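Chain residues, written in single-letter form:
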Amino acid sequence: MHEMGIVIKVVKTVEDFARNNGVTRIDTLVLQIGALSPVIPRYVESCYPMVVKNTRLEDTRLQIDVLPAMARCRACREVFDVLEHKSSCPVCHSGNPEMISGNEFMIKEIVAF
Ligand SMILES: [Zn+2]
């Protein structure tokens, strides 16, 4: 489970941010994870309480926004969800679309009190 290391890094980043910006109490941490990202949201959720213990983020809420895996057809420019359509364009059925989103992993928002 590589999520643990990732969550540790995220928590460090948020703590640094909070320290540098004088944020003393954080209510919610919002992460954005793409549907094709190797990071699994439920693993992130399950190790989060352990990682934030005794940090500035203890008792914060974790919210994960999952972004759909979207692609644009190179032939007809249609934009579609690749997981739903198995990577082939629902309009002209050509394959090899250009990926637009789905691999993200980022800190979207830090909600302070
Ligand atoms: Zn197409």
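What this report covers is the structure whose coordinates are included nearby.

Before going further, it helps to spend a moment on the coordination of the zinc ion. Surrounding the zinc ion are the protein donor atoms Cys73 (SG), Cys76 (SG), Cys89 (SG) and Cys92 (SG), which sit 2.3 Å from the metal. One can describe the site at the zinc ion as tetrahedral: its four donor atoms subtend angles covering 102 to 117° at the metal. Going along the chain, you hit the donors of the zinc ion in the pattern C-x2-C-x12-C-x2-C. Residue Cys76 is found in the loop between strand E3 (70-72) and strand E4 (79-81), and its partner Cys92 is found in the loop between helix H3 (82-85) and strand E5 (98-101); the two are separated by 16 residues along the sequence. For Cys92, a relative accessible area of 33% gives the class partly exposed.

Attention shifts here to the side chain of Glu104. Residue position: Glu104 is located in the loop between E5 and strand E6 (105-112). With no salt bridge to any partner, buried Glu104 finds its closest opposite charge in Lys108, at an N-O distance of 12 Å. Polar side-chain contacts of Glu104 include one of 2.7 Å to the backbone nitrogen of Gly102. What Glu104 contacts, discounting residues up to four positions off in sequence, is Gln32, Ile33, Gly34, Ser37 and Leu67.

Glancing now at the nonpolar core. General note: in soluble globular proteins, nonpolar side chains tend to be found buried as a group. Core analysis: the biggest nonpolar cluster contains 19 residues, and Leu29, Val44, Tyr48 and Leu57 have the highest contact counts within it. Counting residues per element, the ones that place at least two in this core are helix H1 (3-20), strand E1 (26-34), helix H2 (41-52) and strand E2 (61-67). Leave out the neighbours within four places in its chain, and Val44 touches Glu3, Val7, Leu31, Ile33, Val39, Leu62 and Ile64. Among the nonpolar cores identified, the runner-up in size contains six residues, and Ala69, Cys73, Val82 and Cys89 belong to it.

A few words now on the sheet that holds E4. The strand order across the open sheet formed by three strands is E4-E3-E5, and the pairing between neighbours is antiparallel. What marks the edges here is a single partner per strand, and that holds for E4 and E5. Neighbour to neighbour, the strand axes of the sheet diverge by 35° on average, direction disregarded. The pairing of E3 with E4 spans three bridges and is classified as antiparallel. Opposite Arg72, over in E4, you have Val79 as the bridge partner.

Let us look at the pairing of E2. Examined bridge by bridge, E1 and E2 share seven bridges and lie parallel to one another. Bridging from a neighbouring strand, Gly34 pairs with Leu67 of E2. Taken together, E1, H2 and E2 form a β-α-β motif whose crossover is right-handed.

A few words on a nonpolar patch on the surface. A cluster of nonpolar residues, Leu36, Leu83 and Met99, forms a patch on the protein surface that exposes about 250 Å² of accessible area. In this structure, Leu83 sits in helix H3.

Right, let's talk about H1 for a bit. End to end, H1 covers 26 Å across 18 residues, agreeing with the expected 26 Å (1.5 Å per residue, within 8%). Tucked inside the fold, the buried residues of H1 contact E1, H2 and E6. Just beyond H1, the residue with positive phi is Gly22, at close to 65°.

About the thresholds
Residues numbered from 1 in each chain as written. Predicted model: local features only at pLDDT ≥ 70, side-chain atom pairs only at ≥ 80, totals over all residues. Heavy atoms only, no water. Donors = N, O, S within 2.8 Å, 3.2 Å for Na, K, Ca; no water. Tetrahedral: all angles 85-135°; square planar, octahedral: opposite > 155°, others 65-115°. Helix = DSSP H or I, 4+ residues; strand = E, 2+ residues; numbered from the N terminus. Buried < 20%, exposed > 50% of the residue type's maximum accessible area, 1.4 Å probe, protein only. Lys, Arg positive; Asp, Glu negative; His and termini not counted. Salt bridge = Lys/Arg side-chain N within 4 Å of Asp/Glu carboxyl O. Polar contact = N/O pair within 3.5 Å; in protein donor to acceptor, adjacent residues only side chain to side chain. Contact = heavy atoms within 4.5 Å. Core = buried A, V, L, I, M, F, W, Y, C linked by side-chain atoms within 4.5 Å. Pairing = 2+ DSSP bridges. Axes fitted to C-alpha atoms, helices over the stretch in contact; angles between N-to-C directions. Right-handed = clockwise from strand over helix to strand, strands pointing away. Patch = residues over 30% accessible without salt bridge, like charges linked within 9 Å, V, L, I, M, F, W, Y side chains within 5 Å. Areas by Shrake-Rupley, 256 points an atom, 1.4 Å probe, with all protein chains shown as cover. Expected span 1.5 Å × (residues − 1).

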